[in-house]
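# Notes for the structure review
Chain residues, written in single-letter form:
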Amino acid sequence: MYSGSNVFAQIIKHAPKRRFDGLVKKYKGDHKTHKFSCWDQFLCMSFAQLTYRSGLRDIEACLKAQPQKLYHMGILGNPTRGNLSNANQKRDWRIYAEFAQILISEARKLYQDEQPFSVDLDNTVYALDSSTIDLCLSLFPWAKFRKTKGAVKIHTLLDVKGLIPSCIFITDGSVHDVNILDKLIYEPGAYYIMDRAYIDFKRLHNIHKSLCFFVTRAKKNFDYRRLYSAPVDDMSSVCSD
């Protein structure tokens, strides 16, 4: 546990606490809170994510197995199941949403010199897709998907060069993938790779008007007319342009 707490502390050390405190102050996250701060909540939930805890009871049991080690992890509050439940229910979610964007921007800086993407491009390349997570409809009636089935969708915009998510949207399962194109703030000059579920001419034209590029797959009933072609180098990997 001692070595584990030290490893956790070293990981959390990279999280800019001053900026987190600024968000807490902005949204009054610690208002009338004395024993379990927003930072305590963030540390507990981060620990739960990193150690694959299955629920609040599991988080409490693991953290309180050796309570003398909590100080080394930076947890000053009492991580009981009740405190965690109240914090998760009542704290302003925008604190953690905006802090996540801060952490993503920091992570992208660390990976900016790595080039796992095989195509040599100076511009940013994004991949957009969604994953459906099935839920029990009787326990999560808000997670609309089908008449007898519940689900949520996680829509992820991934920076392909650094393999870092740029943004994540969580919706109920009934939201079609193409609607996420309305929520994105496009980066001029960037490339957006997506599958055929995102084909909507008006929305794709908005990407074009934002001075971006998109790559997608054609549907079987795709009705189009080629306006012009460009010559292709036979030695390149491009089949046609």
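Below or above, wherever it landed, is the structure these notes cover. These numbers were taken from a predicted model, which means no experiment stands behind them. (Residues numbered from 1 in each chain as written. Predicted model: local features only at pLDDT ≥ 70, side-chain atom pairs only at ≥ 80, totals over all residues. Heavy atoms only, no water.)

### Quick word on the overall build of the chain
- Helix and strand counts for the chain come out as 8 helices and 6 strands.
- From first element to last, N terminus to C terminus, the chain shows the α and β order α-α-α-α-α-α-α-β-β-β-β-β-α-β.
- The C-alpha atoms of the chain give 22 Å as radius of gyration, which overshoots the globular expectation for 241 residues (18 Å, by more than 25%).
- Expressed as a percentage of the 241 residues in the chain, the buried residues total 31%. (Helix = DSSP H or I, 4+ residues; strand = E, 2+ residues; numbered from the N terminus. Rg over C-alpha atoms; globule rule 2.2 N^0.38 Å. Buried < 20%, exposed > 50% of the residue type's maximum accessible area, 1.4 Å probe, protein only.)

### Details of the packing of helix α4 (residues 56-63) against helix α6 (residues 81-90)
- Where α4 contacts α6, the two axes come as close as 9 Å, and the packing angle between them is 130 degrees. Regarding the angle of α4 to α6, the classification is oblique. α4 and α6 meet at a crossing whose hand is right-handed. Where α4 abuts α6, its residues L56, R57, I59 and E60 lie against R81, L84, S85 and N88.
- For the contact of α4 with α6, the class distribution of residues is 3 nonpolar, 2 polar and 3 charged. (Axes fitted to C-alpha atoms, helices over the stretch in contact; angles between N-to-C directions. Parallel < 35°, antiparallel > 145°, perpendicular 65-115°, else oblique. Left-handed = near helix turned anticlockwise from the far one by under 90°. Contact = heavy atoms within 4.5 Å. Nonpolar A, V, L, I, M, F, W, Y, C, P; charged D, E, K, R; others polar.)

### A word on the state of the cysteines
- Scanning all chains against the criterion turns up 0 disulfides.
- Distance from the sulfur of C167, which forms no disulfide, to the nearest cysteine sulfur (C212) is 13 Å. (Disulfide = S-S within 2.5 Å.)

### Examining the pattern of salt bridges
- With the rule as written, the count across this model stands at 8 salt bridges.
- Notably, a salt bridge pairs D58 with R53, separated by 3.3 Å at the nearest N-O pair.
- Owing to a relative accessible area of 30%, R53 belongs among the partly exposed residues under this scheme.
- Notably, a salt bridge pairs K149 with D134, separated by 3.7 Å at the nearest N-O pair. Placement of the pair is K149 in strand β3 (residues 149-159) and D134 in strand β1 (residues 125-135), with a sequence separation of 15 residues.
- Here the salt bridges share partners, and the residues they tie into one network are D182, D200 and R203. (Salt bridge = Lys/Arg side-chain N within 4 Å of Asp/Glu carboxyl O.)

Note that every value here comes from positions in space, so none of it alone points to a role or purpose.
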